[in-house]
Amino acid sequence: MATMKKGSAAAAAVNDSRGAPIQDLRQWLERVDKLGDLIRVREPVDVMEEMSAISYLVAKHSPSPAILFESPRGYENSPAGARLLWNILGPSLRELIRRVKDKLKNRIPPREVPKNQAAFYENSVTGAAVDLNQLPIPKHWPLDGGRYAGTADCVITRDPDSGYLNVGTYRMMLQGRNEAGLYLSPGKDARLHITRAWQQGKPIQVAACWGIDPLFMVIGSQTFAKNVSEYEYAGGVKGEPIPVVRGTTTDLLLPANAEVVVEGIIRPNSVKTEGPFGEFPGYYGRPEAGCPLVEITALHYRSKPILTNALMADYPSNEQSGFFAIIRSARIWDDLDKLGIPGIQGVYCHPAAAGGFGMTAISLEQRYAGHAAQALALAAQVPGGAYYTKWIIAVDEDVDPTDIDQVIWAMSSRCNPIEDIDLLRNTWSTWLDPTQNPPEERPYGSKALINACKEHRYLPVFSKRTTLRKEIYDQVAARWKKLGLPGQAPEVRAFEQQSKVVYHEVGGFEPGKQPGEEKVATRKDKK
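Residues numbered from 1 in each chain as written. Predicted model: local features only at pLDDT ≥ 70, side-chain atom pairs only at ≥ 80, totals over all residues. Heavy atoms only, no water.

A.B. asks: Which residues make up the sheet that holds strand β20 (residues 391-396), and what values go with them?
C.D. replies: One open sheet accounts for 5 strands, arranged β18-β19-β20-β22-β21; its pairing is mixed. Only two strands of the sheet have a single partner each, and these edge strands are β18 (344-348) and β21 (421-428). Recorded for the sheet is a direction-independent mean angle of 20° between the axes of neighbouring strands. Taken strand by strand, helix α8 (residues 320-338) contacts β18 and β19 (359-364), and its axis lies near 145° from that of β18. Where helix α10 (residues 404-414) meets the sheet, it contacts β19, β20 and β22 (444-451), and its direction lies at approximately 85° from that of β20. (Pairing = 2+ DSSP bridges. Helix = DSSP H or I, 4+ residues; strand = E, 2+ residues; numbered from the N terminus. Axes fitted to C-alpha atoms, helices over the stretch in contact; angles between N-to-C directions. Contact = heavy atoms within 4.5 Å.)

See the structure below:
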């Protein structure tokens, strides 16, 4: 089973201690604080690289708490009085993934509420009075092209043709007192919306929430059907409609419980140089290049708002990795369920693999010839898993996909590389992939499909795994604390079962047999 940095905080992203849905970021903070998973830093800390350095180092501890910086240096007299939240979530476990996967099957449309129910309308500035410099917007890395407000955010756009609302997580760089750049990877929904509007010669409205309920980061980071709003999936996870309120300078629906909201417009072909930025693989992305420019028409915020931030870095300091691992795993598992693929026991996108994007492990009970190969090919290309993923690994049901040690063991003892690895070429990737060189080759990628399951055609004679008897395990687990052993008895998935044992050594000395008689027919023999 995978270890957790802040499993309790991850679970708290959905429900409070009574099981009731958490309504906003402040309620989430109260819950995490009670669990002992929050550090409040009251000493002044600089937003220019110092906060990100602290977050990077704290994330390497286990457990690793969320950090609320309450006194950003240089903003003591800012009318906003903003605080900054970092290191929000950590990796999760298989059961949490299963629960999120099941919740994704339910979609609940949002519920529009009156503006007086949106706390972010406590303070509003519009037009020429907008000054983003009043907010303590941080710079993360030494070579970043600027200060980034949008990292743990949600960006709302509307499809010019269908009218559906997309809620996505995209980076936004401060470009001036009332301007912000919006970076969008190829194929992302907001990019498609902007491109379509520009093809029609029209501007497009956009809004961004820079202090949000962590659930929006979890949902907004993933790829869903392009005709269903993420608001509906977020409502399904919560089990109730997401309250939304209409904007003042746009006609977009905004999360009523957000901390900070900006509204704006992107005019046709309005582009400005943006980047570079230290991104989720742990490297700087592409050099500075043109990105859509958002003209901010309104700024709204709660009193003493909290800005949410996500540091992109190597693992375990990559803050997006925890919630990406949960939701991406659940999305792929849900996609496989929808396609009717039987026998799936678990799916895990390991957070160490480029923020949860780089690798997917699938555990399945093989039920027919080609079952593992089918699951691999589909997991590589379903909407929830197609973007960037390079390594897709199938393991048997006795292997926990969230336990990287077990996955590596299966790869080493059940995978024959010459037979069990297939490649996909020219797949959907990103400009941020440092392995694609020269950069002009991006955003195309490739994928390796690794079958680390016992070979299906030889299941009856595959070497028998050494396993505990269930009654012995239960006996030891019951006495675990009495024996003075640390923690709790580890979970075990595979136990001894009554089945025929086939030994594979050739030239053994079993009674009554001559050396060589035990040879098992091979694929070559059958040709």
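A.B. asks: Before we move on, can you summarise the packing of aromatic side chains with the specific residues and values?
C.D. replies: Under the counting rule described, the total for this entry stands at 9 aromatic pairs. Ring plane angle 85° and centroid distance 5.7 Å describe the contact between Tyr56 and Trp141, whose orientation is recorded as edge-to-face. Of this pair, Tyr56 sits in helix α3 (residues 50-58) while Trp141 sits in the loop between β5 (123-126) and β6 (148-150), and the two are 85 residues apart along the sequence. Centre to centre, the rings of Phe120 and Tyr121 are 4.5 Å apart; their planes meet at 55°, and the pair counts as tilted. (Phe/Tyr/Trp six-rings, centres within 6.5 Å; stacked < 30°, edge-to-face > 60°.)

A.B. asks: Outline unusual backbone geometry, listing residues and values.
C.D. replies: Here the amide bond leading from Tyr315 into Pro316 is cis, since omega sits at 5°, within 30 degrees of zero. Note that Pro316 resides in the loop between β17 (306-308) and α8. Residues Arg442 and Pro443 are joined by a peptide bond in cis, for which omega reads 10°. Take Pro443: it is sitting in the loop between β21 and β22. For Asn269, which is not glycine, the phi torsion reads 60° and is therefore positive. Within the fold, Asn269 resides in the loop between β14 (260-266) and β15 (271-274). The backbone phi angle of Ala354 is positive, close to 50°, even though this residue is not glycine.

A.B. asks: Account for a nonpolar patch on the surface, naming residues and giving values.
C.D. replies: A cluster of nonpolar side chains, namely Ile472, Val476, Leu483 and Leu485, defines an oily patch on the protein surface of about 280 Å² accessible area. Positionally, Leu485 belongs in the loop between α12 (470-478) and α13 (523-526). For Leu485, a relative accessible area of 34% translates into the label partly exposed. (Patch = residues over 30% accessible without salt bridge, like charges linked within 9 Å, V, L, I, M, F, W, Y side chains within 5 Å. Areas by Shrake-Rupley, 256 points an atom, 1.4 Å probe, with all protein chains shown as cover. Salt bridge = Lys/Arg side-chain N within 4 Å of Asp/Glu carboxyl O. Buried < 20%, exposed > 50% of the residue type's maximum accessible area, 1.4 Å probe, protein only.)

A.B. asks: Account for helix α7 (residues 230-238), naming residues and giving values.
C.D. replies: α7 sits mainly inside the fold: 8 of its 9 residues count as buried. Every buried residue of α7 is listed here: Glu230, Tyr231, Tyr233, Ala234, Gly235, Gly236, Val237 and Lys238. Residue Ser229 occupies the N-cap position of α7, its side-chain oxygen lying 3.1 Å from the main-chain nitrogen of Tyr231. Gly239 sits one or two positions beyond α7 and adopts a positive phi of about 85°. (Polar contact = N/O pair within 3.5 Å; in protein donor to acceptor, adjacent residues only side chain to side chain.)

A.B. asks: Please set out the pattern of salt bridges residue by residue, giving values where relevant.
C.D. replies: Counted according to the given criterion, the structure contains 33 salt bridges. For Glu49, the salt bridge goes to Lys139, with nearest N and O atoms at 3.9 Å. Within this pair, whereas Glu49 is found in the loop between β1 (38-41) and α3, its partner Lys139 is found in the loop between β5 and β6, the two being separated by 90 residues in sequence. Lys139 sits in the buried class, given a relative accessible area of 15%.

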